[in-house]
Amino acid sequence: MKTKRLFATAATLVAACVLAACSPDAGSQSSASATNAGNDAAGNDTTGNKASNCTNTITKKDLPVVTFWGWYPNMQLVVDNFNKQNNEVQVCWTNVGQGGDEYDKFQTAISAGTGAPDVIMIEADRIPTFQIQKALVDIKNYGFDAVKANYSDGAWKDVSIGGAVYGVPVDGGPMAMIYRKDIFDKYKITPPKTWAEYEQAAQKVKDAGGPLFGDLGANVPAVMMALQIQKGASPYTYDPAQPESIGIALNDQASKDVLDYWGSLAKKGLVGTQDQFTPEYISGVVNGKYATYISAAWAPGYLTGAGVGKGKDTGKWAVAPLPQWDSASPVQVNWGGSAFSVTSQAKNPELAAKAAYGLYADDESLKDGWTNQIIFPLNLKALNSPEFVDLKVNFFDGQQANKEVYVPAANAYTGMTYSPFGQYYFDSMTKQISAVIDGSVTGAQAADKIQEDVVNYAKEQGFTVK
């Protein structure tokens, strides 16, 4: 049966992620491995006492327990806060690894039919990969209405497929343009409001002998996808009610235009072509090799952790809204973000959903998350709170970045539809961006190749492509 084939082949789609949660170092303070005496290979308790191998300590031992995998650095605090405040259920938390490491263990548990936790932290773009295997539960009937107003429609769309909800949004990555104030001042550049102005500013800086204006990194295909969506692209149309059918549109005119635009910037020498999240790239950022960094709201935390803004570049950074393709019709886009999902192996989905809705939703946990630059909160209690909105961000030399840039972008974001084979798409995009960089294809040709590649792959997996 074709549907069974889809579920079986989806297991091959899980691969290591470029970003853990919403930034590359989001899980750097992870706990010790859960694979130890009394645990199976996936980190699950095999002793018969469900809560005996928790990383956290459960004090309300008479309450039912929900198991949970997650890797945020402050998860210990988050779980303790939930357990302290809850008298219906307790959470037993384990960190089995971040991103791809966790997904590999989850995939093993899915294949085995046992060993998965009740609740799991998943990046939003990975939800369809697991949903198509029937590994996640639609939580819309388990308290959704009570918390719906706590998040924006865009945040919910990112964790939904069709009319079903497969996760509780926690953090996101509204995109913006980070820039060097000293470089902009030296060359008398004001933050460009459109991508046409961005190119003009880049040319002005180059003509004056200045640094590269930005970077086209082949290893960050999610950025290219976001900018294509900003211009009007709709990469996928997918509904779990019809799991064998998917719409794929990766070579529409908007997608071609964006690839051609960035390919042209690289060809003219206006932007670099260094892979990002590498020592070479970070060194360039610190030393003023790039005037701008197109990234998401988690970037200040990532850059700070990587040593940016702590030495000779201290106090030189600012942020402006993401340039637009059409200033008359602004579109905000997102890069990164994670959610808490209920797995189909949960013994009591209703209790598991209660935990998923309640974790990282209390005021103390949310404040700790954004204060320490661990998350960019999607919970509107934090996102729109005066304390968060009016925050003077140290990395940006006291600029009220949330008020001026990130919060308006997050509130205007309308969400997107991901596909069950997003990683394959990103791999294809990476390959073709590399080809654009080396000049072997144009941006438009690259888009056509991506479309052909991904459509063929989808058909091989048993999908009917619309």
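What you are looking at is a predicted structure, and each value in this text was computed from that prediction instead of being measured.

Novice: Honestly, the packing of aromatic side chains in this entry has me stumped. Any pointers?
Specialist: Here the distance between the centres and the angle between the planes together describe a pair of aromatic rings. Tallied over the full model, the rule gives 35 aromatic pairs. The interplanar angle of 20 degrees and the centroid separation of 5.7 Å between the aromatic rings of phenylalanine 184 and phenylalanine 213 together place this pair among those described as stacked. A residue pair is termed long-range when its members are at least 10 positions apart, and phenylalanine 184 in helix H7 (residues 181-186) and phenylalanine 213 in the loop between helix H8 (195-207) and strand E7 (214-215) qualify at 29 residues. For phenylalanine 184, a relative accessible area of 2% puts it in the buried group. For phenylalanine 213, a relative accessible area of 0% corresponds to the buried category. Seen from their ring centres, tyrosine 198 and tryptophan 262 are 5.9 Å apart, and the 55 degrees between their planes marks the pair as tilted. Residue tyrosine 198 is found in helix H8, and its partner tryptophan 262 is found in helix H10 (residues 253-267); the two are separated by 64 residues along the sequence.

Novice: What am I meant to see in empty space enclosed by the protein here?
Specialist: Once rolled over the atoms, a probe with the size of a water molecule shows which space is left empty. As enumerated under the stated definition, the model contains six cavities of 30 Å³ or more in all. Quantified by volume, the second largest cavity comes out at close to 150 Å³. Taken together, 18 residues line the second largest cavity, and the ones lying closest to its centre are Ala155, Asp158, Gly172, Asn334 and Leu378. For the lining of the second largest cavity, the secondary-structure elements that each account for two or more residues are helix H6 (153-158), strand E6 (168-180) and strand E13 (334-342). Each residue belonging to the lining of the second largest cavity can be placed in one class, and the counts come to nine nonpolar, seven polar and two charged.

Novice: I keep staring at the sheet that holds strand E9 (residues 245-248) and nothing clicks. Help me out?
Specialist: Hydrogen bonds along the backbone pair up the strands of a sheet, which may run parallel or antiparallel. Spatially, E8-E9-E14 is the arrangement adopted by the three strands of the open sheet, whose pairing is mixed. Among the strands making up the open sheet, the edge pair consists of strand E8 (236-238) and strand E14 (464-465). Both E9 and E14 contribute to a ladder of two bridges, which runs parallel. Counterpart to isoleucine 246 in the pairing with E14 is valine 465. Most of the contacts of helix H19 (residues 443-460) go to E9, to which it runs at about 175 degrees, and overall it touches E8, E9 and E14.

Each value, and the rule that gives it
Residues numbered from 1 in each chain as written. Predicted model: local features only at pLDDT ≥ 70, side-chain atom pairs only at ≥ 80, totals over all residues. Heavy atoms only, no water. Phe/Tyr/Trp six-rings, centres within 6.5 Å; stacked < 30°, edge-to-face > 60°. Helix = DSSP H or I, 4+ residues; strand = E, 2+ residues; numbered from the N terminus. Buried < 20%, exposed > 50% of the residue type's maximum accessible area, 1.4 Å probe, protein only. 1 Å grid on protein atoms, 1.4 Å probe; cavity = no way out; pocket = protein on both sides within 12 Å on 5 of 7 lines; lining within 4 Å. Points joined across faces, edges and corners; volume = space filled by probe spheres on them. Nonpolar A, V, L, I, M, F, W, Y, C, P; charged D, E, K, R; others polar. Pairing = 2+ DSSP bridges. Contact = heavy atoms within 4.5 Å. Axes fitted to C-alpha atoms, helices over the stretch in contact; angles between N-to-C directions.

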